[in-house]
Amino acid sequence: MGGSLAGLLAAHVLAGYADRVTVVERDRFPDGTRPRPGVSQGRHPHVLLEGGQVALESLLPGFLAELRAAGAPRVGLPSDMVQRQDGRWFRRLPATTHIYTGSRAQLEELVRRRVLANPVISAVEGTDAVGLLGDATRVRGVLLRDRSGDARGEQRALEADLVVDASGGGTKAPQWLTAIGAEAPHEETIDTGLAYASRVYRGRSGVLDGDTCGYYVYPGRAQVHGGGALPLEDGTHLVIVSGLRDDEPPTDDDEFVTYTKKRLPHPLLHQWLDEAEPLSSAFGYRRTANIRRRYDLPGHHPAGFLATGDALCSFNPIYGQGMAVAAMSAVALRDALADPRRIPTTRRVQRALLAASRQAWDISAGADRKMPGAVGTAVAAGPADRIADWYLQRVLERYPGDPVVGPAFRSVLTLCTPVTALFAPPVLRAVLLRPAAPTPTEPPTAPEEPGR
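K.L.:
Would you take a moment to explain the sheet that holds strand S18 (residues 290-294) for this structure?
P.N.:
Pairing between the strands of a sheet is mediated by backbone hydrogen bonds and can be parallel or antiparallel. Across the sheet, three strands lie side by side as S11-S18-S20; this open sheet has antiparallel pairing. Single-partner strands in this sheet number two, and they are strand S11 (186-190) and strand S20 (313-314). Helix H9 (residues 346-369) contacts S11, S18 and S20 of the sheet and is inclined by roughly 140 degrees relative to S18.

K.L.:
Can you walk me through the nonpolar core in this structure?
P.N.:
Across soluble globular proteins, nonpolar side chains have a tendency to be buried as a group. Counting residues in hydrophobic clusters, the biggest one holds 98 residues, and the most contacted among them are Phe63, Leu67, Val111, Leu132 and Phe305. A per-element tally of this core places helix H8 (residues 322-338) first, with nine residues. If we skip the residues at most four places from it in the chain, Leu67 touches Leu48, Ala72, Tyr100, Gln106, Leu107 and Leu110. Core analysis: the second largest hydrophobic core is formed by 18 residues, Ala229, Phe256, Leu268 and Ala276 among them.

K.L.:
So what exactly am I meant to see when it comes to the side chain of Gln223 here?
P.N.:
Among the secondary structure elements, Gln223 is positioned in the loop between strand S13 (214-218) and strand S14 (226-231). Residue class for Gln223 comes out buried when judged on its relative accessible area of 19%. In this structure the side chain of Gln223 is engaged in a polar contact, spanning 2.9 Å, whose partner is the backbone oxygen of His225. Setting aside chain neighbours within four positions, we find Gln223 in contact with Tyr218, Arg263 and Pro265.

K.L.:
Even after reading the chapter, I still don't get the pattern of salt bridges, so can you show me in this structure?
P.N.:
When their charged atoms lie close together, side chains carrying opposite charge are able to pair. Applying the stated rule across the entire model yields 27 salt bridges. Between Arg292 and Glu188 there is a salt bridge, with the nearest N and O atoms lying 2.7 Å from each other. Of this pair, Arg292 sits in strand S18 while Glu188 sits in strand S11, and the two are 104 residues apart along the sequence. With a relative accessible area of 9%, Arg292 lands in the buried category. The closest approach of N and O atoms between Arg434 and Asp402, which form a salt bridge, is 3.1 Å. In this pair, Arg434 is assigned in the segment after helix H12 (425-433) and Asp402 in the loop between helix H10 (383-398) and helix H11 (405-413), connecting sequence segments 32 residues apart. Through salt bridges that share partners, Glu25, Arg26, Asp27, Arg36, Arg104, Glu108, Arg112, Asp128 and Arg147 make up one connected network.

Each value, and the rule that gives it
Residues numbered from 1 in each chain as written. Predicted model: local features only at pLDDT ≥ 70, side-chain atom pairs only at ≥ 80, totals over all residues. Heavy atoms only, no water. Pairing = 2+ DSSP bridges. Helix = DSSP H or I, 4+ residues; strand = E, 2+ residues; numbered from the N terminus. Contact = heavy atoms within 4.5 Å. Axes fitted to C-alpha atoms, helices over the stretch in contact; angles between N-to-C directions. Core = buried A, V, L, I, M, F, W, Y, C linked by side-chain atoms within 4.5 Å. Buried < 20%, exposed > 50% of the residue type's maximum accessible area, 1.4 Å probe, protein only. Polar contact = N/O pair within 3.5 Å; in protein donor to acceptor, adjacent residues only side chain to side chain. Salt bridge = Lys/Arg side-chain N within 4 Å of Asp/Glu carboxyl O.

If you want it as structure tokens, here you go:
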């Protein structure tokens, strides 16, 4: 259920084990790279973190070459961007990781083309899943209804040996499970009330190209507003600004620019906007809560049903983890099914899918838990969390300028290495024994030379 990245990649994996895989999608897939209505964040910035790149290349060999050939910008961090966090500019040291910042629609279209070329996989478009078939012991299919606009339209049954919920953060599966006598999962939530708005611009030639391809101000406890400009595949930039509840960025075009000027801690982005040409209206987005559905916990969960992607674990989009976790979850599904040592029961595979999202959850939920005004069932922190927060705060103080701490923390944030990388001896010494390295007092206009 769901023809976005998580659903397509799960279908790709399952095609190696099934005679037929059907992808049910409420939208009709567009020709080319236009945003789909069902992808509510489709007009907003997306990044593909390095952990997601590794996963996608493992699932679809040669995919990254296709992405580059399609023009997706490959941005080196920290060298290629002007970045600011907690009142400090980042040193533009040589890149230790790269992200892709092209449009979500472009990346999804490339994945869709590869996956649906498999004759085992078919897509049912323009169709809503409206319920589950089966009972409390086993899910045996889904109920479908054409998107004719008639909520009372005729339903039809699609039987299946396995149903995978990849319908996104707005999934109705918990209610549908209850309706067949099963148990809905416990939900963990953390919501900061963060909201953002985005708008496409074409900048003046020579300002955001070459050695500097974008700006970004990261929000945090001390500076709750954020924003930046990220390059797209057609040479334009997607500008985003964010704020918390009761101070959400406006979608009025003029007010969007004014908000950027008044709320961000430095005029750099606003000065760029003054000279740039707007190419779209501003679009807003408000659903940014972290939500984790614990299908792995003991309870009356039926066989034959799995959840993946945002339907299992959705993150505050400001951290850019969703596409990477979708790919990493598909790898986890593949590995769980291929493991010759264990029978791939529903619960075992579901636990593997949750494990694939755990580090991203720890990052986004851990950061959001400390934001002012955060609410939800998982906001409270225990003694272990407070110790970890003390150490992490020292990491954050050194992240913008330390050549040892920065790469280690960046590799964790991009889901390339586990959190334990922050406790490797060189990093530990730098965090505990060295003062924070000096950082630029003004936006650095060029990358630093290697070895400086």
